[in-house]
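Chain by chain, the residues:
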Amino acid sequence: MTLSEAIQPNDSGLQQKITYILPITTRPELCFISGEGNYLFDQAGKRYLDLIQGWAVNTLGHCPPVMQQALIEQSNTLINPGPAFYNAPMLNLASNLCQNSAFDQVFFANSGAEANEGAIKLARKWGQINKQGANKIITFKHGFHGRTLATMSATGKDSFSQLYEPKVPGFTKVPFNDLESTRTAIDKSTVAIMLELIQGEAGIIPATQKFVSGLRELCDQNELLLIVDEVQTGIGRTGPLFCYEYYGIEPDIMTLGKGLGGGFPISALLTHKKYSCFEPGDQGGTFNGNPLACAVANAVLTEVTSQDFLSKSVENSVYLKSRLIRLCEKYNLPGVRGKGMLLALSTGGIDAPAIVKRALEDGLLLNAPRPDTLRFMPALNIEKSVIDEAMTMLDKLLAEAV
Ligand SMILES: *Cc1c(COP(=O)(O)O)cnc(C)c1O
């Protein structure tokens, strides 16, 4: 029995099966069966234009042929030799990532949180060896780094602050884009500063150029590691292949996740050889660097770094932004934030989660990271005609809401 046979339109079977899922979030009562490019299809055959794309994950949209091809070829060749051995896709992906970035060594993991855990561990180990055991990491209010205990402890979300106590110690949170507070927070136990260059979950809040340049200087002056969490901003999401390029700085450690596998779970930590201080046994993971994930990520990276891919994506993102700005003017909304295919529309007094709910009914998938913000994270290869279709739908929803 295939899934589509098991789940029927308006079938009580769907409601019954939903009860077997441990409820950790509110999900609409539907079940997605298939996807193609910018569209998803549910159990009733209803089509949805997807501007969420797996939470800024599906770099090339749903079920792109290059990913299918990589999965088929690699699954015919080698699926899992185990983490104690090298495999060809692992080596190819690591060298491709290094050749396209400022880094020269890679550690692979399976989720963004796991890559960030690796970054926290690497910084702590480095501090132990080089800075008399300094282990404190400065992170930022409203920043998001994941849902393991350590990454929740690093996260600056208010709703996390009382959850699952006691937290992992060693994180100092300061206001984002506030260089003076950051400077004041540094003491001799500080080993690193960790940030998102554009805070994604907070609602697309970009770091200022002055702040990022200032952090690089503070790190150089105080011998601290600068860790950028590019789990959401990496792999072309904001225009350049990595968001740090836009700011013209070089971080000491970078983490990737989400868009790296284009929908297949894989993440990575990248650093420079001079900070590489894990010894055998210090760090690892059963599925890390597995061939299937690495082969798919390689296919995605090859596509994203191919000629004209990113310049075309930037051109279309500028078009999307201009369409959003037009809606702002039409409905007198506060404005548009973000870069590339990571954009947010401030909805002012309009209830953004209510728009998201109405959009779902109309067959448009949107996200509201805040009560007054809509977030747009489409496939990087979305075309202008699909943007037009989405903006026509959004226009109608805003007209209803004002
Ligand atoms: C999504 C996200 C994470 C967590 O990634 P998971 O794969 O969910 O563990 C970490 N940092 C940032 C910036 C993210 O957007």
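For the structure given in this document, a descriptive report is provided here. Just so it is clear, the structure is predicted and the values come from calculations on it, not from any experiment.

Moving on, we come to the nonpolar core. It is characteristic of soluble globular proteins that their nonpolar side chains tend to be buried jointly. Of all hydrophobic cores here, the largest spans 90 residues; its most connected members are Leu-366, Phe-376 and Leu-394. With eight residues, helix H14 (residues 384–401) is the largest single contributor of residues to this core. Not counting residues up to four positions away in its chain, the partners in contact with Phe-376 are Leu-51, Leu-324, Met-341, Leu-342, Leu-343, Ala-344, Leu-345, Leu-366, Met-391 and Leu-394. Core analysis: the next-biggest nonpolar cluster, separate from the first, contains 21 residues, Ala-109, Leu-225, Leu-269 and Cys-277 among them.

Here we take up the site of the ligand. As a structural note, the neighbourhood of the ligand is formed by Ser-111, Gly-112, Ala-113, Asn-116, Phe-144, His-145, Gly-146, Glu-196, Asp-229, Val-231, Gln-232 and Lys-258. Take Gly-112: an N or O atom from its main chain is 2.8 Å from an oxygen atom of the ligand. Note that a nitrogen atom of the ligand is positioned 2.7 Å from one of the side-chain N or O atoms of Asp-229. When isolated, the ligand has an accessible area of 380 Å², and the protein chains bury 81% of it. When residues in the shell around the ligand are grouped by element, the largest group, three residues, is from helix H6 (residues 112–130).

The subject of this paragraph is the packing of aromatic side chains. According to the stated counting rule, one finds nine aromatic pairs in the structure shown. Judged by centre distance (5.7 Å) and plane angle (80°), the rings of Trp-126 and Tyr-275 are edge-to-face. On the criterion of sequence distance, the pair formed by Trp-126 in helix H6 and Tyr-275 in the loop between strand S12 (267–271) and helix H11 (291–304) is long-range, its members being 149 residues apart. Each member of the pair, Trp-126 as well as Tyr-275, carries the same accessibility label: buried. Here the aromatic rings of Phe-140 and Phe-176 are separated by 5.9 Å at their centres, their planes lie at 70°, and the arrangement is edge-to-face. Separated by 36 residues along the polypeptide, Phe-140 in strand S5 (residues 136–140) and Phe-176 in the loop between strand S6 (171–174) and helix H8 (179–185) bring together distant segments of the chain. The class of Phe-176 is buried, set by a relative accessible area of 14%. Through successive ring pairs, a cluster of aromatic residues spans Phe-103, Phe-242 and Tyr-244. The aromatic ring of Tyr-39 is capped on one face by Arg-47, whose charged end is 4.0 Å from the ring centroid. The ring of Tyr-319 has Lys-384 sitting right over it, with the charged end atom 5.9 Å from the ring centre.

If you trace the backbone, Asn-130 turns up in helix H6. Look at Asn-130 and you get partly exposed, because its relative accessible area is 39%. It is 9.5 Å that separates the C-alpha atoms of Asn-130 and Val-191, two residues lying 61 residues apart in sequence.

The mixed open sheet is built from four strands, whose spatial order is S1-S2-S3-S15. Edge strands, defined here as strands with exactly one partner in the open sheet, are strand S1 (32–36) and strand S15 (364–365). The strands touched by H14 are strand S2 (39–42), strand S3 (47–50) and S15; relative to S3, the strand with the most contacts, the crossing angle is about 100°.

The α-helix advances 3.6 residues per turn, and as a result positions three or four apart in sequence lie on the same side. Burial in helix H4 (residues 65–75) covers these residues: Met-67, Ala-70 and Gln-74. Along the long axis of H4, the arc covered by the buried residues comes to 65°, so they all point the same way. The secondary structure elements touched by the buried residues of H4 are helix H5 (88–99) and H11.

All right, on to the side chain of Thr-373 then. Note that Thr-373 resides in strand S17 (residues 373–376). Its relative accessible area of 0% is what places Thr-373 among the buried residues. The residues contacting Thr-373, other than those within four sequence positions of it, are Gly-203, Arg-337, Ala-344, Leu-345, Thr-347, Ala-352, Asn-367 and Ala-368.

Cut-offs used in this document
Residues numbered from 1 in each chain as written. Predicted model: local features only at pLDDT ≥ 70, side-chain atom pairs only at ≥ 80, totals over all residues. Heavy atoms only, no water. Core = buried A, V, L, I, M, F, W, Y, C linked by side-chain atoms within 4.5 Å. Buried < 20%, exposed > 50% of the residue type's maximum accessible area, 1.4 Å probe, protein only. Helix = DSSP H or I, 4+ residues; strand = E, 2+ residues; numbered from the N terminus. Contact = heavy atoms within 4.5 Å. Near = heavy atom within 4 Å. Polar contact = N/O pair within 3.5 Å; in protein donor to acceptor, adjacent residues only side chain to side chain. Areas by Shrake-Rupley, 256 points an atom, 1.4 Å probe, with all protein chains shown as cover. Phe/Tyr/Trp six-rings, centres within 6.5 Å; stacked < 30°, edge-to-face > 60°. Lys NZ or Arg CZ within 6 Å of the ring centre and 35° of its normal. Pairing = 2+ DSSP bridges. Axes fitted to C-alpha atoms, helices over the stretch in contact; angles between N-to-C directions. Arc of directions from axis to C-beta.

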